[in-house]
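Geometric and topological summary
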Amino acid sequence: QRSYLQARHAGMLFAVVVNVGLPALMLGTISREPLHAELALLPLFAAAMVAGGLLLSWAVGRMLHLRRGSHGAFIACAASLNVGFEYPFVLAGLGSAAFAQLAIFDVGNAVMHMTVLYMAAAAMGGHRADLQAALLRTIRFPPLWGLTAALLINVLRIPVPELLLDGLQRIGQALMLAVVFALGILLERRHLLSKPVLSIVGLRLSMGIVGG
């Protein structure tokens, strides 16, 4: 059966979520949530988990005798903490405090993903890893700007109309749901029970249990 939705459509949905939905949700939520200094440790925990996942996935990939390019993709998939799709559900189910913690935690994951994981995957795929370009992409990452703006509004008590923040929060929540549809587009059933996929699931579950 022919599908009219392809990987490029999933990429378009992810782009909307990353560039618009997530920054809007951060501005509308974190700017009004009481914060404490201990939250600054969360990005460090995320970075440590990604680093541990990178080492473990590299070792498991070697055990599976994956080809170099596949090994790089395996590392990127296993070590990256894809928590973006959780944002709307965490906010709806656990409230704005849990959402703020998750967003701040994800900073460490995002920075590691765009620098260390990118360079590892590029090297494994036989491509030249450009550290300067990776750092520039990290600096320009819209959710980091959204989080920074939200923290500044919160800490400096910058007056922003509640109506505007409510609107941003609703827009962000609605757009974030597009992540679920994008993941569905990318899902390929023929790979679900393959050894690399099952290994990645096992690694991610193990890291989640340890990290929890």
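Described in the following lines is the structure provided in the data block. Keep in mind that what you see is a predicted model, and the values were worked out from it rather than measured.

A few words on the overall build of the protein chain. A tally of regular secondary structure across the protein chain gives 10 helices and 0 strands. For the protein chain, the succession of helices and strands along the chain, N to C, is α-α-α-α-α-α-α-α-α-α. The buried share among the 212 residues of the protein chain stands at 35%. Sequence-distant contacts, at least 24 apart, represent 80% of the contacts inside the protein chain between residues at least 6 apart. Of the accessible surface of the protein chain, which amounts to about 12600 Å², a share of 69% is contributed by carbon and sulfur atoms.

This part covers the packing of aromatic side chains. Inspection of the entire model under this criterion finds 1 aromatic pair. For arginine 137, the ring lying beneath its charged end belongs to tyrosine 118, and the centroid distance is 4.6 Å.

Mapped onto the fold, threonine 115 is located in helix H5 (residues 96-124). Setting aside residues up to four positions removed in sequence, threonine 115 forms contacts with Ala134, Leu135 and Thr138.

Summarising the element assignment, histidine 71 is placed in helix H3 (residues 68-79). Residue classification places histidine 71 among the buried residues on the basis of a relative accessible area of 3%. Among residues more than four places away in sequence, those in contact with histidine 71 are Ser57, Trp58, Gly61, Arg62, Leu66 and Met124.

What follows concerns the environment of histidine 36. Position of histidine 36 relative to the elements: it lies in the loop between helix H1 (7-29) and helix H2 (42-63). Take histidine 36: its relative accessible area is 44%, and that puts it in the partly exposed class. Of the polar contacts made by the side chain of histidine 36, one reaches the side chain of glutamate 38; its length is 3.0 Å.

Given a rise of 1.5 Å per residue, 14 residues ought to cover 20 Å, and the 20 Å separating the end C-alpha atoms of helix H7 (residues 142-155) matches this to within 8%. Among all positions in H7, only Pro143, Leu144, Gly146, Leu147, Ala150, Ile153 and Asn154 are buried.

Tracing the chain through its elements places phenylalanine 85 in the loop between H3 and helix H4 (87-94). For phenylalanine 85, a relative accessible area of 33% translates into the label partly exposed. Beyond its immediate stretch of four places on either side in the chain, phenylalanine 85 contacts Val179 and Leu183.

A few words now on a nonpolar patch on the surface. A contiguous nonpolar surface patch, about 560 Å² in accessible area, is contributed by Phe85, Phe89, Leu177, Val180, Phe181 and Leu183. At 3 residues, helix H9 (residues 178-186) tops the list of elements feeding residues into the nonpolar patch.

Analysis parameters
Residues numbered from 1 in each chain as written. Predicted model: local features only at pLDDT ≥ 70, side-chain atom pairs only at ≥ 80, totals over all residues. Heavy atoms only, no water. Helix = DSSP H or I, 4+ residues; strand = E, 2+ residues; numbered from the N terminus. Buried < 20%, exposed > 50% of the residue type's maximum accessible area, 1.4 Å probe, protein only. Contact = heavy atoms within 4.5 Å. Areas by Shrake-Rupley, 256 points an atom, 1.4 Å probe, with all protein chains shown as cover. Phe/Tyr/Trp six-rings, centres within 6.5 Å; stacked < 30°, edge-to-face > 60°. Lys NZ or Arg CZ within 6 Å of the ring centre and 35° of its normal. Polar contact = N/O pair within 3.5 Å; in protein donor to acceptor, adjacent residues only side chain to side chain. Expected span 1.5 Å × (residues − 1). Patch = residues over 30% accessible without salt bridge, like charges linked within 9 Å, V, L, I, M, F, W, Y side chains within 5 Å. Salt bridge = Lys/Arg side-chain N within 4 Å of Asp/Glu carboxyl O.

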